[in-house]
Amino acid sequence: MSERVFNFSAGPAVLPIPVLEEIQRDMLVLPGAGASILEISHRGKDFVAVLEDAERQLRDLLAIPNNYKVLFLQGGSRLQFSMVPMNLLRGSGKTADYLLTGSWGKKALDEAVKEGATHVCWDGKPHNYDRLPAAGELQLSDNSAYVHITSNETIEGVQFSTEPDVGDTPLVADLSSDFLSRPVPVERYGLIYACAQKNAGPAGVTVVIIRDDLLALGDKSLPGMLLYRNHSENDSCYNTPPTFGVYVVGLIAKWLQEEIGGLASMAERNQEKAALLYDVIDDSDGFYQGHAARECRSLMNVTFRLPSEDLEKSFLQQATERDLCSLAGHRSVGGIRASIYNAMPRAGVEALRDFMQEFRQAN
Ligand SMILES: *Cc1c(COP(=O)(O)O)cnc(C)c1O
């Protein structure tokens, strides 16, 4: 197979072709460095320039205020499930509030309970994580260290479109699967984290955006690698950072800025792409059953079921025959999941839409 398929994988996921081409073009020699990005020291001026550029691009795209640090870490979002409560909860005498809108939020909570007192301020589990809390449904604790949300639940396909109101309590968000898909008011958050491999780069690098005052928390007794402050004070070079990943995140950010025209423009395209699929679901007389309540639908992961598991199986098989690949829902929930991140071209979504219409007609 030498042709690229339309890849609807939830992550690692499709990357923009211009970015892949630039990586390929510069693979033997990063311009000016005399060697490839894979071969140069993280302390040398060439890599430092790559790192500074990636940070500058992210700051421009997201309008990150000066009192926030941008860190490039390893360990994926799963490690952030632990680092957040280790740094912001452990020993604080406070309680961390967790808003559970899907499977990832629950996994984040499972790590937090090991570090201190936690409180579930809303739980979507009773209705199978198909919606978000309505205004007034949140039960925050009195002495809250932070409120943790998952902005887009990748498995269930439920996404916040605006931030919940949590007053002065720091809002901590797992943005793994919608980072860089739209503008984000960073100033409303205490901390944002996102592994790159869904929408912002390759596996191996995780971006953390953290407000200065939260960097002061975190006890020196923590393992050095797990203390945000160490990474901040060393400009993400406390140890060898994931150099290739940082480089690709920088290229993606440049692509978003120069070719797409920024995050507002990206968000518009993502909205249009998602509408193509949700319209088919809504016009299918119940043949396709969307998982998420309409007002909470994800623009990144479109999740739905067919009338039977047999039909789902043949849907997936026939889709693959048309080069519409990796559409199976997460193993924990089944069904179909079309992940249509930034780099999924509109043509791919249109091809899936056409197939969905044909499949329904035929069945
Ligand atoms: C993929 C994902 C994770 C896990 O990321 P890893 O990098 O595999 O640790 C966490 N949260 C969300 C919302 C995700 O989509």
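Residues numbered from 1 in each chain as written. Predicted model: local features only at pLDDT ≥ 70, side-chain atom pairs only at ≥ 80, totals over all residues. Heavy atoms only, no water.

(A) Main features of the site of the ligand. Residues in close proximity to the ligand total 14 residues, the closest being R78, T154, D174, Q197 and K198. For the ligand, an oxygen atom lies 2.8 Å from a polar atom in the backbone of R78. One of the side-chain nitrogen or oxygen atoms of T154 is found 2.4 Å away from an oxygen atom of the ligand. With four residues, helix α3 (residues 76-88) is the single largest residue contributor to the shell around the ligand. (Near = heavy atom within 4 Å. Polar contact = N/O pair within 3.5 Å; in protein donor to acceptor, adjacent residues only side chain to side chain. Helix = DSSP H or I, 4+ residues; strand = E, 2+ residues; numbered from the N terminus.)

(B) Inspection of the sheet that holds strand β14 (residues 336-339) at higher detail. Read across the sheet, three strands follow the order β11-β12-β14 without closing on themselves; strand pairing throughout is antiparallel. Both outer strands of the open sheet, β11 (289-290) and β14, are each paired with one neighbouring strand and no more. Strand direction decides the pairing type here: strand β12 (residues 301-305) and β14, joined by four bridges, are antiparallel. Paired with T303 across the two strands is R337, which belongs to β14. Across the face of the sheet, helix α8 (residues 263-282) comes into contact with β11, β12 and β14 while running at roughly 15° to β12. (Pairing = 2+ DSSP bridges. Contact = heavy atoms within 4.5 Å. Axes fitted to C-alpha atoms, helices over the stretch in contact; angles between N-to-C directions.)

(C) Spatial organisation of the nonpolar core. In this structure, L58, L62, F72, F179, L180, I209 and L256 are the most contacted members of the largest nonpolar core, which totals 57 residues. Looking at this core, the element that brings in the most residues is helix α7 (residues 243-260), giving ten residues. If near-sequence neighbours (up to four positions away) are discounted, L58 is found in contact with A63, I64, V70, F72, F179, L180, V207, V249 and A253. Core analysis: the next-biggest nonpolar cluster, separate from the first, contains 30 residues, L73, Y129, V208 and Y228 among them. (Core = buried A, V, L, I, M, F, W, Y, C linked by side-chain atoms within 4.5 Å. Buried < 20%, exposed > 50% of the residue type's maximum accessible area, 1.4 Å probe, protein only.)

(D) Representation of the pairing of strand β3 (residues 95-100) in the model. Among the six residues in β3, six count as buried, and that is most of the element. Of the two faces of β3, the one holding T95, D97 and L99 and the one holding A96, Y98 and L100 are both buried throughout. Pairing of β3 with strand β4 (residues 117-123) involves six bridges; the strand directions are parallel. Its bridge partner lying in β4, L99 is registered against W122.

(E) Main features of the packing of aromatic side chains. Counted according to the given criterion, the structure contains twelve aromatic pairs. Centre to centre, the rings of F81 and W104 are 6.3 Å apart; their planes meet at 55°, and the pair counts as tilted. One end of the pair, F81, is in helix α3; the other, W104, is in helix α4 (residues 103-112), with 23 residues separating them in the sequence. Residue F81 shares its accessibility class with W104, and that shared class is buried. Judged by centre distance (5.9 Å) and plane angle (70°), the ring pair of Y98 and Y146 falls under edge-to-face. Within this pair, whereas Y98 is found in strand β3, its partner Y146 is found in strand β5 (residues 144-150), the two being separated by 48 residues in sequence. With a relative accessible area of 1%, Y98 lands in the buried category. Here the aromatic residues F287, Y288, F304, F315, F355 and F359 are joined through ring pairs into a cluster of three or more. Its end group placed over the ring of W104, K107 keeps NZ or CZ at 5.0 Å from the ring centre. (Phe/Tyr/Trp six-rings, centres within 6.5 Å; stacked < 30°, edge-to-face > 60°. Lys NZ or Arg CZ within 6 Å of the ring centre and 35° of its normal.)

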